[in-house]
Amino acid sequence: MHHAGFEVVVFEKVRQFQRLGDSLGLGENAFLLLDRWSPFLRDRLIEIGNKSEFMQIRRWHDGKLLAQQPLMDMAGYIGHRGDYHTGFLQAVAEKGIPVHMGTEVIDYDDSTPSVTLKNGERHFADIVIAVDGIKSRARELVLGFDDKPKSSGYACFRAFFDGNKLKGDPVTAEFVENECVNIWIGKDMHCVQNTLRGGDEFNWIITHKDSADIKESWSQPGDMEEVRRLVTTLDPRIARAIRKTDECLDWKICYRDPIPTWVSKNHKVALIGDCCHPHLPTSAQGASQATESAAVLAQCLLLAGKDNVPLATRVYEKIRFPRVRRAQTNGEDLRDRWHSALDKVNEGEEIDPSSLLIRNAVLYDYDAEADTRKRWPEMSALVSEELRTGNITPLC
Ligand SMILES: Cc1cc2nc3c(=O)[nH]c(=O)nc-3n(C[C@H](O)[C@H](O)[C@H](O)COP(=O)(O)OP(=O)(O)OC[C@H]3O[C@@H](n4cnc5c(N)ncnc54)[C@H](O)[C@@H]3O)c2cc1C
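Residues numbered from 1 in each chain as written. Predicted model: local features only at pLDDT ≥ 70, side-chain atom pairs only at ≥ 80, totals over all residues. Heavy atoms only, no water.

Enquirer: With reference to specific residues and values, describe the packing of aromatic side chains.
Expert: On inspection of all chains with the given rule, the structure shows 6 aromatic pairs. Taking 4.3 Å as the distance between ring centres and 20° as the angle between the ring planes, the aromatic pair formed by Trp218 and Trp251 counts as stacked. Of the two residues, Trp218 sits in the loop between strand E14 (201-209) and helix H8 (224-230) while Trp251 sits in strand E15 (residues 249-255), which places them 33 residues apart along the sequence. Ring-pair connections join several aromatic residues into one group, and the members of that group are Trp262, Tyr316 and Phe321. When the ring centre of Phe161 is taken as origin, the NZ or CZ atom of Lys165, which lies over that ring, is 5.6 Å away. In this structure, Arg323 packs its charged tip against the face of Tyr366, placed 3.7 Å from the ring centre. (Phe/Tyr/Trp six-rings, centres within 6.5 Å; stacked < 30°, edge-to-face > 60°. Helix = DSSP H or I, 4+ residues; strand = E, 2+ residues; numbered from the N terminus. Lys NZ or Arg CZ within 6 Å of the ring centre and 35° of its normal.)

Enquirer: How would you explain empty space enclosed by the protein if you had to name every residue and give the values?
Expert: By the definition in use, this model includes 3 cavities of 30 Å³ or more. By volume, the largest cavity is sized at about 70 Å³. Along its surface, the largest cavity is lined by Arg139, Asp147, Arg256, Asp257, Pro258, Ile259, Asp274, Cys275, Cys276, Pro278, Arg325 and Gln328. Broken down by class, the residue content of the lining of the largest cavity amounts to 5 nonpolar, 1 polar and 6 charged. Of the volumes computed, that of the second largest cavity is approximately 50 Å³. Lining the second largest cavity are Ser152, Tyr154, His190, Thr207, Ile253, Leu280, Pro281, Thr282 and Arg335. Residues belonging to the lining of the second largest cavity are distributed by class as follows: 4 nonpolar, 4 polar and 1 charged. (1 Å grid on protein atoms, 1.4 Å probe; cavity = no way out; pocket = protein on both sides within 12 Å on 5 of 7 lines; lining within 4 Å. Points joined across faces, edges and corners; volume = space filled by probe spheres on them. Nonpolar A, V, L, I, M, F, W, Y, C, P; charged D, E, K, R; others polar.)

Enquirer: I'd like to hear about the sheet that holds strand E3 (residues 54-59), residue by residue, with values.
Expert: The 7 strands are arranged E4-E3-E12-E13-E14-E11-E15 in an open sheet whose pairing can be described as mixed. One side of each edge strand has no neighbouring strand; the edge strands of this open sheet are strand E4 (65-70) and E15. Pairwise comparison of adjacent strand axes, ignoring direction, gives a mean angle of 20° for this sheet. Across 4 bridges, E3 lies against strand E12 (residues 181-186) in parallel orientation. Of the residues in E12, the one forming a bridge with Arg59 is Ile185. Most of the contacts of helix H9 (residues 236-243) go to E14, to which it runs at about 105°, and overall it touches E3, strand E11 (150-162), E12, strand E13 (189-196) and E14. Packing of helix H11 (residues 309-341) onto the sheet brings it into contact with E3, E11, E12, E13, E14 and E15, and relative to E12 it is tilted by some 60°. (Pairing = 2+ DSSP bridges. Axes fitted to C-alpha atoms, helices over the stretch in contact; angles between N-to-C directions. Contact = heavy atoms within 4.5 Å.)

Enquirer: Tell me about the sheet that holds strand E9 (residues 122-124), residues and numbers included.
Expert: Sheet architecture is open: 3 strands sit in the order E7-E8-E9, paired in antiparallel fashion. Both edges of this open sheet fall to strand E7 (105-109) and E9, since each of them pairs with a single strand only. Between one strand axis and the next, the sheet turns through 20° on average, direction left out of account. Bridge count between strand E8 (residues 114-117) and E9: 3 bridges; the pairing is antiparallel. Following the sheet pairing, Val115 is matched in E9 by His123.

Keep in mind these numbers describe shape, not what the thing actually does.
Okay, structure coming up:
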């Protein structure tokens, strides 16, 4: 938004950002935009990401190599969420964009676009853009009802810790001595392992069946006894590394059906990111798609002009929806392919390596800003007509 020439003010609930979460993938589709908005940001982010050339896909119980894929075709650069976050914040600070920390938005007004903060202040703008994550308050305003999360039927145990813990042990040292990304696929579960900060940190994530009651949280402690039980059948090398973990998080992977609109009734509150298009971890595109959405909305506002926010927001959601669905369904497809791969073959039979590959490369060669400019004449004509008749076609 700032790059497109708009004045931006950010309100953020937490008082201080911390290095939360663990590995997150950023694809070329996001890097292209980030670099345009802040020269050299790309280099700075690549520098702090995992630099493995390939990732290996292995059989759950013995680690047999089933397929190998260039990391750039798969998740892009994998780095610690907190490190990437710090990189973004630095770029924002360099531009002088005000970020008001410790300011929780408790209400959104769609008719005179504004937000009300917990401290009672009300702030007005031409448009309110809600990027308030998976537990979004703004989504309720836009939808008119509380869209409760559904269980996806899976949960992740996830941990990251000091790589030195594994370095002295000949069985586990290989996972931290060089940058690496490995995936073990089993029946209805998979384990992802990667290094962070050049092997100084070690990250594992086990996705497994889970029917427990849903509590969506990035900070729920996991039961290491249950993890140890899960890894009894896992490749002994990685199982040994996982057993050395002191603590982990239990992250229920919740699901939300696609929603029929990302824009409020009066068209002046728009949603971006996890609040309207959350992704499964296997999509490896959550942050990248949020970045694309920001690019498209900013271009639409530029093209429509400040006095025509409704045209901009309605074109934005129409351009974004099908592309986001593709990234989301890629993640679902991959999870299902991995979790059922071993069903199809008897022990000893070969699995077609191409059936295990992550098919994200098709998403990378895309310039969200250029695509928006190209499609603007057609899409703005369509939306102008919808706004004239008051008949906005739902996204789904
Ligand atoms: C703590 C945490 C850990 C995560 N860890 C991982 C991970 O390890 N791997 C991974 O792939 N993804 C992780 N994610 C998700 C990933 O960050 C997102 O998919 C991606 O950044 C795009 O999301 P977003 O910007 O839409 O939302 P988020 O990254 O969730 O950001 C939303 C922001 O809005 C703020 N906010 C929420 N409500 C309000 C309000 N009412 N008023 C003001 N501010 C508000 C939040 O504090 C937060 O800073 C994590 C998210 C969080 C919040």
